[in-house]
Amino acid sequence: MRDRPGDQWDRRVANGLAFLRRRLAGDYEVDEFGFDPELTDAVFHPLLRLLYRDWFRTEVSGVEHVPVDGPALVVGNHSGTVALDALILSAALHDKHPAHRYLRLLGADLVFRMPVVSEIARKTGGTVACNPDAERLLGGGDLVGVFPEGFKGIGKLYADRYKLQRFGRGGFVSAALRTGTPIVPVAIVGGEEIYPMLADIKPLARLLKLPYFPVTPTFPWLGPLGMVPLPSKWLIEFCPPIPTAHLTDSADDPLVVFNLADQVRETIQQTLHSLLERRPDPFGP
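Because the structure is predicted, anything quoted here is derived from the model rather than measured.

Cut-off values and rules
- Residues numbered from 1 in each chain as written.
- Predicted model: local features only at pLDDT ≥ 70, side-chain atom pairs only at ≥ 80, totals over all residues.
- Heavy atoms only, no water.
- Helix = DSSP H or I, 4+ residues; strand = E, 2+ residues; numbered from the N terminus.
- Rg over C-alpha atoms; globule rule 2.2 N^0.38 Å.
- Contact = heavy atoms within 4.5 Å.
- Areas by Shrake-Rupley, 256 points an atom, 1.4 Å probe, with all protein chains shown as cover.
- Lys, Arg positive; Asp, Glu negative; His and termini not counted.
- Charge placed at Lys NZ, Arg CZ, Asp CG, Glu CD.
- Buried < 20%, exposed > 50% of the residue type's maximum accessible area, 1.4 Å probe, protein only.
- Pairing = 2+ DSSP bridges.

Student: Could you give me a rundown of the overall build of the protein, with the residues and numbers involved?
Tutor: Looking only at helices and strands, the protein has nine helices and nine strands in total. Its C-alpha radius of gyration of 20 Å places the protein within 12% of the 19 Å reference for a compact globule of 285 residues. Across the protein, every contact between residues at least 6 apart in sequence was considered, and the portion connecting residues at least 24 apart equals 78%. On the protein, roughly 14,700 Å² of surface is accessible, and the fraction owed to carbon and sulfur atoms is 60%. Across the protein, the 31 positively charged side chains and the 34 negatively charged ones have centroids separated by 5 Å.

Now the structure itself:
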């Protein structure tokens, strides 16, 4: 029998009430890092889905390069003044991957010192960007996402868009080598245009203890409205994995770590160039 017009809404209301009942009763599970899969699926991913699918019109390719099971280290470029690219990547990967895998993001210390933001980061599977946490997650068979450019990537000026910044000391490579985990480079085009940074007011940033204080075409001129991201067209491409199992004995060799980090960086940079050729208009369909 076909559902009556109200049946679908009845089920949604019933499911919503059941969800609230479980949350109030504490009938849900989190892991040792604070990850809450149920809350992520029910609240955070639907909100991010509206952004990546409808607002940014995101196209995802190369998902077949992400393992169906077992650990992998997903390494991406960072941009956008506000780190929406990490959240969009995690939601898009979960939706597009055949096994609907979660991406456990590694974030800067600042993220976990901010009220509310810290709680959200933990609930959605994030943890501090340090080798011990990364190795524990990889050792447990998780997908781990890292953005080695850090604040240098998201805080760069619009004039430097899609030019990868330095990858630090290659700590992410050491974590992959110690666990024999493949590295999957991913290139993200679109994030640079959502909040084009025209200037960085460094004295104000130091006063507020922030890594930068951005000036964009809409912020701070429009106040809270300036936080609405511009609707740029996004392209995300996962590249073929780089194996590391044969290099586990070289985790502490600076030359091996540097060369592998440089290989990952160059792969992402070349893929960015390719994606930009496919997307000549940043705000096109």
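Student: An account of the environment of Leu-50 is requested, with residue identities and associated values reported.
Tutor: As for its placement among the helices and strands, Leu-50 is situated in helix H2 (residues 37-55). Each C-alpha atom of the pair Leu-50 and Leu-87 lies 12 Å from the other, and the pair is 37 residues apart in sequence.

Student: Please provide a residue-by-residue account of the pairing of strand S2 (residues 72-76), values included.
Tutor: Within S2, five of the five residues are buried, which leaves it mostly tucked inside the rest of the structure. Bridge count between S2 and strand S5 (residues 143-146): four bridges; the pairing is parallel. Across the sheet, residue Val-74 finds its bridge partner in S5, namely Gly-145. Bridge count between S2 and strand S6 (residues 183-189): four bridges; the pairing is parallel. Across the sheet, residue Val-74 finds its bridge partner in S6, namely Val-184.

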